[in-house]
Amino acid sequence: MSAHLSPQEQVYLISRKLALGNAPRPLAQLFAHLAECAACQEAVTKLHNQALSLPGTNELNTNAPDTHEWQPAHLDYERLAGYVANNLESVEREIADNHLAVCEFCAQEMQELTALQHALANELPASRPARPVAWWKHFRMLWPKLVFERLGAPAFAFGMLLLLGGLGGWWWQRRLTETDMARQSNSTPAEINPTATAVAEAKPTSNPQPPAPLVALRDHGQPIDLAQDGSLETALALPTVYRELLAATLAQQKLSFPATLKALAQTARTLKGGEPASQSFAVRSPVGVVLQSARPVFRWQAVTGASAYTVAIFDEDFNPVQTSARLTQTNWRAVQPLPRGRVLLWQVTAQVGDRQISAPAAPAPEARFFILAQIQVTELQQAQRDLAPSHLLLGSLYAQAGLVEDAARELQALQAENPQAPVVQKLLQQIRQPH
């Protein structure tokens, strides 16, 4: 092994001045030693990295006079790739711009990388990452161009020979396999496995059709089916809890109603004093219903000769909750939000001369209503806003909350899309029946 590279030879090697012919030893001798000596390889690599890390310059001080024009060290692959991808910081990009302005070699490399990037962007899908630059391009940027031109061609030829040899061996092996298979297919009937023949004959020639769904509907133009195993098949984007709700509704063909509806339908007692109301004077709404709004509108029939009306709202223990002022119209909206999650009662009193007539009055039932809790209202609003449109889903959710009129509206829209579906007709009948 020849002597180690001197510091001056190492500097000349990485600064590309060997091509000028001013190295103490011939170029071939330096590279032959470098290929065998790990210590010199490490020293040259370290010196090369230090040169790249110098801020604003790639120049090395050789401590020796040089009458030739200095050539800066080439940009490495990472900096060229970052420059093309526009990922360099402002200082590093300015350094690269200055270098590319004076280095024809790196400018050519940058153009090739840019062309490669454009070609990959036009040929590959956007979701597929771009193929990295070949390793030999990286190698060309790390070593002098002179070495690559002398050693690259023989190495490339040797690699092609290996590739062609491997392809030839694969092709020959495949030909042998095809020949063996052809011989087996031409064998005598005595060599055929009878068990395999029986299995092949018993195998059906066509794929069996999937079983028909138990229920098949159209909901907002999208198919929604109940499979034989009880699972829901639909293209609607629904959370798991709502898919299970729809599957149970179709399988049982039954809506779920809250127990609150039964409490609203109880027989009432007289709320407040006064004479029994005439048959023409009665309250209209809300009566026996569940509401979302905490400020509902109260409506009643007009009384002939009435000069004013007064609305009073009570809880189940007949404690006053809210009372209106004297009214002349036959409707009134609650001034303050009423308590949620509670059964409430209301009564209207008409002033006719010196008499007061109240409705409802015995033997008429009490005018009861229920206002949903805020958490239920929020859930329904989110289902209307965020989930895929589904008349069946909204109808089931409204029924669960006790909003009978809203549930009936959604199921009627579902029936319009499925006029002959028995399951939809059955669900609508449950809405119309007392709960």
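Residues numbered from 1 in each chain as written. Predicted model: local features only at pLDDT ≥ 70, side-chain atom pairs only at ≥ 80, totals over all residues. Heavy atoms only, no water.

### Looking at helix H4 (residues 77-85)
Those residues of H4 lying buried are Tyr77, Leu80, Gly82, Tyr83 and Val84. Of the residues one or two after H4, asparagine 86 is the one with positive phi, at around 60°. (Buried < 20%, exposed > 50% of the residue type's maximum accessible area, 1.4 Å probe, protein only. Helix = DSSP H or I, 4+ residues; strand = E, 2+ residues; numbered from the N terminus.)

### With respect to the sheet that holds strand E4 (residues 283-285)
Ordered in space as E4-E6-E9, the three strands form an open sheet in which the pairing is antiparallel. The sheet is open, and its two edges are formed by E4 and strand E9 (331-333), each paired on a single side. The sheet shows a mean angle of 25° between the axes of neighbouring strands, taken without regard to direction. Here strand E6 (residues 297-300) runs beside E9; their pairing, made up of three bridges, is antiparallel. Residue pairing in the sheet places phenylalanine 298 in a bridge with tryptophan 332 of E9. (Pairing = 2+ DSSP bridges. Axes fitted to C-alpha atoms, helices over the stretch in contact; angles between N-to-C directions.)

### Quick word on the side chain of aspartate 219
Relative to the helices and strands, aspartate 219 is located in strand E1 (residues 215-219). A distance of 3.2 Å separates the side chain of aspartate 219 from the backbone nitrogen of leucine 392, its partner in a polar contact. Setting aside anything within four residues of it in sequence, one finds aspartate 219 in contact with Ile224, Ser390, His391, Leu392, Leu414 and Glu417. (Polar contact = N/O pair within 3.5 Å; in protein donor to acceptor, adjacent residues only side chain to side chain. Contact = heavy atoms within 4.5 Å.)

### Describing the pairing of E1
Of the two faces of E1, only one is covered, namely that formed by Val215, Leu217 and Asp219; the face formed by Ala216 and Arg218 stays uncovered. Judged from the five bridges that link them, E1 and strand E2 (residues 222-226) form a sheet pairing that is antiparallel. Bridge pairing links aspartate 219 to glutamine 222 in E2. Connecting the antiparallel pair E1 and E2 is a turn made up of two residues, with histidine 220 showing a positive phi of about 55°.

### A short note on the packing of helix H13 (residues 391-401) against helix H14 (residues 404-417)
For any two helices packed against each other, the geometry comes down to the angle between their axes and how far apart the axes lie. The geometry of H13 relative to H14 is characterised by a closest axis approach of 8 Å and an angle of 155° between their N-to-C directions. Classed by the angle they form, the pair H13 and H14 counts as roughly antiparallel. The chirality of how H13 crosses H14 is left-handed. On H14, the residues that touch His391, Leu392, Leu394, Gly395, Tyr398 and Ala399 of H13 are Asp406, Ala407, Arg409, Glu410, Ala413, Leu414 and Glu417. Classifying every residue of the contact of H13 with H14 gives seven nonpolar, two polar and four charged. (Parallel < 35°, antiparallel > 145°, perpendicular 65-115°, else oblique. Left-handed = near helix turned anticlockwise from the far one by under 90°. Nonpolar A, V, L, I, M, F, W, Y, C, P; charged D, E, K, R; others polar.)

### Let's talk about the pattern of salt bridges
Inspection of the entire model under this criterion finds four salt bridges. Glutamate 316 is paired through a salt bridge with arginine 368; the nearest N and O atoms lie 3.5 Å apart. Residue glutamate 316 is found in the loop between strand E7 (308-315) and strand E8 (320-323), and its partner arginine 368 is found in strand E12 (residues 367-371); the two are separated by 52 residues along the sequence. For arginine 368, a relative accessible area of 7% corresponds to the buried category. (Salt bridge = Lys/Arg side-chain N within 4 Å of Asp/Glu carboxyl O.)

### Describing a nonpolar patch on the surface
On the surface, Phe156, Met160, Leu163, Leu164 and Leu167 cluster together into a nonpolar patch covering about 510 Å² of accessible area. Along the chain, leucine 163 falls in helix H8 (residues 145-185). (Patch = residues over 30% accessible without salt bridge, like charges linked within 9 Å, V, L, I, M, F, W, Y side chains within 5 Å. Areas by Shrake-Rupley, 256 points an atom, 1.4 Å probe, with all protein chains shown as cover.)

### Some thoughts on the nonpolar core
Nonpolar side chains in soluble globular proteins generally cluster together in the buried interior. By size, the foremost hydrophobic cluster in this structure holds 41 residues, and its most contacted members are Leu217, Leu250, Leu372 and Leu393. Among the secondary structure elements, those contributing two or more residues to this core are E1, E2, helix H10 (240-252), helix H11 (260-264), helix H12 (374-386), H13, H14 and helix H15 (422-432). At seven residues, H13 tops the list of elements feeding residues into this core. (Core = buried A, V, L, I, M, F, W, Y, C linked by side-chain atoms within 4.5 Å.)

### Notes on helix H5 (residues 90-102)
With 13 residues, H5 ought to run about 18 Å at 1.5 Å a step, and its terminal C-alpha atoms sit 19 Å apart, in line with that. Inspection of H5 places Ile95, Ala96, His99 and Leu100 among the buried residues, and these make up the whole buried set. Along the axis of H5, the buried residues cluster in a sector spanning 130°; they form a single face. Away from its buried face by more than 90 degrees, H5 exposes Ser90, Val91, Glu94, Ala101 and Val102. (Expected span 1.5 Å × (residues − 1). Arc of directions from axis to C-beta.)

### Details of the packing of aromatic side chains
Counted by the stated rule, this structure contains four aromatic pairs. A ring pair is formed by phenylalanine 298 and phenylalanine 369, whose centres lie 5.7 Å apart and whose planes are at 70°; its orientation type is edge-to-face. Pair noted here: phenylalanine 298 is in strand E6 and phenylalanine 369 is in strand E12, with a separation of 71 residues, a long-range link. Judged by its relative accessible area of 0%, phenylalanine 298 falls in the buried class. Residue classification places phenylalanine 369 among the buried positions, given a relative accessible area of 0%. Through a chain of ring-to-ring contacts, the aromatic side chains of Phe298, Trp332, Trp346 and Phe369 assemble into a single cluster. Against the face of tyrosine 83 rests arginine 93, its NZ or CZ located 4.1 Å from the ring centre. (Phe/Tyr/Trp six-rings, centres within 6.5 Å; stacked < 30°, edge-to-face > 60°. Lys NZ or Arg CZ within 6 Å of the ring centre and 35° of its normal.)

Honestly, that's just the spatial picture; any functional story needs more than this.
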